[in-house]
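Below are the chains, spelled out letter by letter.
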Amino acid sequence: MPILVRAAERDDVPALVRLRLANAERHVQLDPAVYRVPDTEAVRRHFEEVLSGSKVVILVAEVVGEVVGMVEVVLLADPPDHQILAPCRAADIHTVVLDGHRGEGVGSALLIAAEQAAAERGVSIIYAGIFAPNKGAVRFYSSAGFRPRGTLLSKEQVAPSAS
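So, here's what we can say about the structure. Note on numbering: residues in each chain are counted from 1, in written sequence order. Where local features are concerned, this predicted model is filtered to residues with pLDDT of at least 70; where side-chain atom pairs are given and counted, the filter is 80 or more; whole-chain, interface and lining totals use all residues. Side-chain metrics in this entry use all non-hydrogen atoms of the structure; hydrogen atoms and water are not considered.

Right, let's talk about the pairing of strand S4 (residues 90–97) for a bit. When a residue's accessible area, from a 1.4 Å probe over protein chains only, is under 20% of the maximum for its type it is buried; when over 50% it is exposed; and in between it is partly exposed. Only DSSP runs of H or I with at least four residues qualify as helices, and only runs of E with at least two residues qualify as strands; both kinds are numbered from the N terminus onward. Counting buried positions along S4 gives six out of eight residues, so the element sits mostly inside the fold. One ladder, built from seven bridges, connects strand S3 (residues 66–75) with S4; its direction is antiparallel. By the bridge assignment for S4, Glu 72 is matched with His 94. Following DSSP output, two strands are said to pair if at least two bridges run between them. Here S4 pairs with strand S5 (residues 125–127) via three bridges, running parallel. When the bridges of S5 are listed, Ala 91 appears paired with Ile 126. Note on handedness: a crossover is taken as right-handed if, strands pointing away from the viewer, the path from the first strand over the helix to the second is clockwise. Crossover S4 to S5 through helix H3 (residues 106–120) is right-handed.

If you want it as structure tokens, here you go:
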């Protein structure tokens, strides 16, 4: 079954919303303390805004005319002159494939196209931020050559009481 990967268009917004919400539901099952299902209308507005800008590249994968996956390449700002990081064009990547189409090569096709789109924009490093409970995402990106780069530490804070 051929997979067509192409740039997302305004007509794809309903499919993008469906993909984002399906991805959110899957992640909430992984860890409801970390993930949530966002408001449908907020997701729709986000994609409409993103598709009219230039900081995010969205590609979709079609199988038999149906959008079954997407990848977002979010271009990051270069480190400011006062920081110690060497200047390097970078991007975050987020890949989503509907459950019924996982394991069919859709994610790999999206990732290859995303890497090419990023390279065309001068991106030399792509980050795939994955929280530890998502072992499937770690396997997917690792199989595509992504490797650990540093460690992200976090500490939950207790909000001060409003008195």
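Positionally, Leu 51 belongs in the loop between helix H2 (40–50) and strand S2 (56–63). Along the backbone, Leu 51 and Leu 16 are 35 residues apart, and their C-alpha atoms lie at a distance of 11 Å. Contact between two residues is taken to exist if any of their heavy atoms lie within 4.5 Å; hydrogens are not considered. Excluding anything up to four places from it in sequence, Leu 51 contacts Ala 8, Glu 9, Arg 10, Val 13, Leu 16 and Ile 58.

So, about the sheet that holds S4. Spatially, the five strands line up as an open sheet ordered S1-S2-S3-S4-S5, and their pairing is mixed. Looking at the sheet topology across the chains shown, the edges are occupied by strand S1 (3–7) and S5. Neighbour-to-neighbour, the strand axes of the sheet open up by a mean angle of 25 degrees, direction not taken into account. Sheet topology note: the S2/S3 ladder contains eight bridges and is antiparallel. Counted as the bridge partner of Val 60 is Met 70 from S3. Docked against the sheet, helix H1 (residues 13–30) engages S2, S3 and S4, running at close to 80 degrees with respect to S3. A fitted line through C-alpha atoms serves as each axis, taken over the contacting stretch for helices, and the angle formed by two N-to-C directions is quoted from 0 to 180°.

Everything listed here is a matter of coordinates, which is why it stays silent on function.
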